[in-house]
Amino acid sequence: MKIAVIGTGYVGLVTGTCFAETGNNVTCVDIDVKKVEKLQSGVVTIYEPGLEVLFERNIAQGRLKFTTSLEDGIKDAKIIFLALPTPPGEDGSADLKYVLGVADDLGPLLKDYTVIVDKSTVPVGTAEKVHARIAARAKVDFDVVSNPEFLREGVAVEDFMKPDRVVIGTQSEKARRVMETLYAPFVRQGNPIIFMDERSAELTKYAANAFLATKITFMNEIANMCERLGADVDMIRKGIGTDDRIGKRFLFAGIGYGGSCFPKDVQALAKSAEEVNYDFQILKSVMNVNQLQKTTLIPRMKEFFKNDLKGKTIAVWGLAFKPNTDDIREAPALENIQTLLALGAKVKAYDPEAMENVKGILGNTIEFCTDQYEATEGADALLIATEWPVFRTPDFDKLAVQIKSKAIFDGRNLYDVKTIRDLGFVYFSIGR
Ligand SMILES: NC(=O)c1ccc[n+]([C@@H]2O[C@H](COP(=O)([O-])OP(=O)(O)OC[C@H]3O[C@@H](n4cnc5c(N)ncnc54)[C@H](O)[C@@H]3O)[C@@H](O)[C@H]2O)c1
Ligand SMILES: O=c1ccn([C@@H]2O[C@H](COP(=O)(O)OP(=O)(O)O[C@H]3O[C@H](CO)[C@@H](O)[C@H](O)[C@H]3O)[C@@H](O)[C@H]2O)c(=O)[nH]1
């Protein structure tokens, strides 16, 4: 099948590459000329394990192409995916200017029946808006389908190739058949395609992210209780996670959720609620608690250094919002670093993938190190903000010599409390 993907960011690139991998001819369109040039020359523009090999194979076999021209890109496409940004507008609601802008342009370019698919995370009612915008200028029949994406960064290829489920919102039989054919190779393992109406599909995406953000936030609040009551959040996690009704995943307490999705989508759902005069109280709490949680280690650091962080050097391990990605959007590390700088501390940071992105924001206000031990060399304390595997089993003997105060502030609960204290470290973690 000939497919066009509009937008070659995270979702667009993974979507395009994975559909090419299952034998479709895919053209990806982006207005970012530099990005398209890079992609055309065979360079993958995001760090995502497993993507490069699929990307290279499908380019070599001529099934994956890139262009800046919408008209060329959608030529002969039976399906057009919109994988465009939906960033928060000034009031927190999802800004639809990219999605609706492309919908406006698409109308006159359609030559035959086409299925237009919203892959972006969009508020309820967007499929109808996209339909109206295209219909205003289209001369052929078309359908607009909602097909939200549930992939996680860092395991995006696996999530896309073996999805837990595929959600498709459409009330058109014709569009349903096209989507079923397209997704058949991905749901062979028995995981379902769940068909529903467009509005329910749109809300399913927000409900999933808001639920997961709430689950994490609940555990962060339990962790805060543990600290006050002398209990261990890891034990609570095991104790409740073994109950099938609760589930083991997404129960890890830490310095808050970040990334390009949870913060923005929780905010957008809260805004949608406001628009229909519903007071979505849980979401407000989730946002407030998460904001506080991000810098929950700073007061402890202040106390440890007797309220004087001025001139202290803090090593920061991890800048990405989570491991296996170079994405730093809403990363808790950044907020911690900015707070530390405001308190007069110096920061030496290391991240396996995300340093280039952080340089663009923090410039030379912090020192970027070539490895984790260069960061801890001569530091007064260590702050761990991202659970990269390489930080899990460090050379503790080396750290004991390098870190002056032997203090480790661990925002991701990487180490066993007793073991690390027995090694002589002063160890602060979350909810233990
Ligand atoms: N990143 C994720 O993990 C993830 C997962 C699921 C869903 N989503 C949702 O998918 C959507 C896209 O997210 P993303 O992270 O891929 O975004 P992104 O910002 O990484 O990429 C968006 C791309 O769209 C391009 N673009 C903007 N206007 C364009 C236009 N008029 N024509 C062609 N291209 C244009 C940009 O240049 C950019 O390359 C968002 O709604 C997001 O919420 C993201
Ligand atoms: O137990 C946990 C699990 C996650 N996190 C944090 O939660 C954030 C989000 O993590 P994750 O969900 O793994 O990353 P994303 O790539 O942002 O993926 C989420 O957002 C995507 C975009 O909408 C969705 O497609 C995915 O299904 C959804 O998991 C990160 O800051 C994690 O550190 C925790 O603090 N504790």
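Residues numbered from 1 in each chain as written. Chains lettered and ligands numbered in written order. Predicted model: local features only at pLDDT ≥ 70, side-chain atom pairs only at ≥ 80, totals over all residues.

Section: the overall build of the protein
Within the protein one finds 18 helices and 14 strands. What you see for the protein is a C-alpha radius of gyration of 23 Å, in line with the 22 Å of a compact globule of 432 residues. When its C-alpha atoms are laid out on the principal axes, the protein stretches across 70 × 45 × 40 Å. When burial is assessed residue by residue, the protein has 46% of its 432 residues classed as buried. (Helix = DSSP H or I, 4+ residues; strand = E, 2+ residues; numbered from the N terminus. Rg over C-alpha atoms; globule rule 2.2 N^0.38 Å. Buried ≥ 20, exposed ≤ 12 C-beta atoms within 10 Å, placed from the backbone.)

Section: the nonpolar core
I6, V14, I80, I116, V316 and L382 are the most contacted members of the largest nonpolar core, which has 118 residues in total. When residues of this core are assigned to their parent elements, the largest contribution, nine residues, is made by helix α9 (residues 198–229). Apart from residues no more than four positions distant in its own chain, I6 is found in contact with V29, L70, I80, F81, L82, A83, L84 and V102. (Core = buried A, V, L, I, M, F, W, Y, C linked by C-beta atoms within 7 Å. Contact = placed C-beta atoms within 7 Å.)

Notes on the environment of I255
Examined against the element boundaries, I255 turns out to sit in the loop between α10 (233–241) and α11 (262–275). Among the residues examined, I255 registers 28 C-beta atoms within 10 Å and is labelled buried. Apart from residues no more than four positions distant in its own chain, I255 is found in contact with Q293, K294, T296, L297, P332, A385, G411 and I430.

Let's talk about the sheet that holds strand β10 (residues 346–350)
Pairing is parallel across the open sheet formed by six strands, whose spatial order is β11-β10-β9-β12-β13-β14. Each edge of the open sheet is held by one strand with a lone partner, namely β11 (367–368) and β14 (426–428). Pairing between strand β12 (residues 381–384) and strand β13 (residues 407–410): four bridges, direction parallel. Pairing of I384 across the sheet is with D410, part of β13. Lying on the sheet, helix α13 (residues 297–304) is in contact with β12, β13 and β14; it crosses β13 at an angle near 165°. (Pairing = 2+ DSSP bridges. Axes fitted to C-alpha atoms, helices over the stretch in contact; angles between N-to-C directions.)

So, the site of ligand 2
Neighbouring residues of ligand 2: 21 residues in total, closest E153, F252, Y257, G259 and C261. Breaking the shell around ligand 2 down by element, the ones donating at least two residues are α9 and α11. A total of three residues in the shell around ligand 2 trace back to one element, the largest contributor, which is α9. Residue composition of the shell around ligand 2, grouped by class: eleven nonpolar, five polar and five charged. (Near = placed C-beta within 6 Å. Nonpolar A, V, L, I, M, F, W, Y, C, P; charged D, E, K, R; others polar.)

Quick look at the pairing of strand β7 (residues 166–169)
Both faces of β7 are covered, namely the face carrying V166 and I168 and the face carrying V167 and G169. Pairing between β7 and strand β8 (residues 193–196): four bridges, direction parallel. Opposite I168, over in β8, you have F195 as the bridge partner. The parallel pair β7 and β8 is bridged by helix α8 (residues 173–183), and the resulting crossover is right-handed. (Right-handed = clockwise from strand over helix to strand, strands pointing away.)

What about the domain arrangement of the protein?
On domain assignment, one finds that the protein holds domain 1 (2–196), domain 2 (205–293) and domain 3 (295–428). Just the C-alpha atoms count here: the centres of domain 1 and domain 2 sit 29 Å apart. The residue inventory of the side of domain 1 that touches domain 2, partitioned by class, reads seven nonpolar, three polar and two charged. (Domains from an automatic or database assignment.)

Some points on the UniProt feature "domain: UDP-glucose/GDP-mannose dehydrogenase C-terminal" (unreviewed entry) in the protein
When the UniProt feature table is mapped onto this chain numbering, "domain: UDP-glucose/GDP-mannose dehydrogenase C-terminal" (unreviewed entry) sits at residues 315–417. This span, residues 315–417, is 31% helix and 17% strand, and a straight line between its end C-alpha atoms measures 20 Å. (UniProt positions renumbered as here; feature names shortened; annotations may be inferred.)

Let's talk about the site of ligand 1
Surrounding ligand 1, one finds 26 residues, the nearest of these being G7, G9, Y10, S120 and T121. Mapped onto the shell around ligand 1, the elements with two or more residues apiece are α1 (10–21) and α5 (97–106). A breakdown of the residues in the shell around ligand 1 according to their chemical character gives twelve nonpolar, nine polar and five charged.

Some points on the pairing of strand β4 (residues 79–82)
Looking along a regular strand, one sees the side chains alternate between the two faces of the sheet. Burial along β4 is two-sided: the face carrying I79 and F81 and the face carrying I80 and L82 are both buried. Pairing analysis gives four bridges linking strand β1 (residues 2–6) to β4, with the strands arranged parallel. Bridging from a neighbouring strand, V5 pairs with F81 of β4. Direction of pairing for β4 relative to strand β5 (residues 114–118): parallel, over a ladder of four bridges. Pairing of I80 across the sheet is with I116, part of β5. The parallel pair β4 and β5 is bridged by α5, and the resulting crossover is right-handed.

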